[in-house]
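Breakdown of the fold
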Amino acid sequence: KDYLNGKQRELAKKQLVRQKNIQKLLDQKAQQSHTISEILMQIDHAQTNKEVLATFQTGVTTLKQLQSETPIEEVEDVMLSIQEVLTDQEEIDNAISYSIPSQGDEDELEEELKNLMLEEEMEKEKGTTEKIVLEEPSAKKAEQKGDKTE
């Protein structure tokens, strides 16, 4: 701007070219820096992948070794033994938890039994009453037929 004010157009033009070249170099350097950062991240990522793979390999080797030391038949036998022991324990728990009914329980059971017997007796009486009611009209019809034939 100073050059333009001083009417030095040629110098102003050169200064603009110089600034554009510097800006271009700065942009290139920024791009190169970004590329370098990306490469470093990729190197770090690759190193991490390598470590993870090595850990996986160690894990597989260790598991195979431990599995070879523990045959499947032995595992199945142990699991079956555990199931048997747990079943036995459940039976023991059930036997221990059995309680002898108290007199109060006996009284309640006796009362419930009486109620059931009363209900059953009432059901029988109701069925007999219905039978009688149903038979009476038939009997009257039979009497009426007998009266007509006489």
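Residues numbered from 1 in each chain as written. Predicted model: local features only at pLDDT ≥ 70, side-chain atom pairs only at ≥ 80, totals over all residues. Heavy atoms only, no water.

**Brief notes about the overall build of the protein chain**
Going by this rule: Going along the chain from the N terminus, every DSSP run of H or I of four or more residues is numbered as a helix, and every run of E of two or more is numbered as a strand. Only protein chains enter the area calculation, which uses a 1.4 Å probe; residues under 20% of their type maximum are buried, those over 50% are exposed, and those in between are partly exposed. In short, Shrake-Rupley with a 1.4 Å probe defines the accessible areas, and a residue's cover is counted only from the protein chains shown.
Within the protein chain one finds four helices and zero strands. Along the protein chain, helices and strands appear, N-terminal first, in the series α-α-α-α. Per-residue burial for the protein chain yields a buried fraction of 1% across its 150 residues. For the protein chain, the exposed area adds up to about 14600 Å²; of that, 57% sits on carbon and sulfur atoms.

**Observations regarding the pattern of salt bridges**
Basically, it comes down to this: Take a side-chain nitrogen of Lys or Arg and a carboxyl oxygen of Asp or Glu: if they are within 4 Å of each other, that pair is a salt bridge.
This model, assessed by the stated rule, comprises one salt bridge. In this structure, the salt-bridge partner of Lys-124 is Glu-120, at a minimum N-O distance of 3.8 Å. Placement of the pair is Lys-124 and Glu-120 together in helix α4 (residues 103-149), with a separation of four residues, close to one helical turn.

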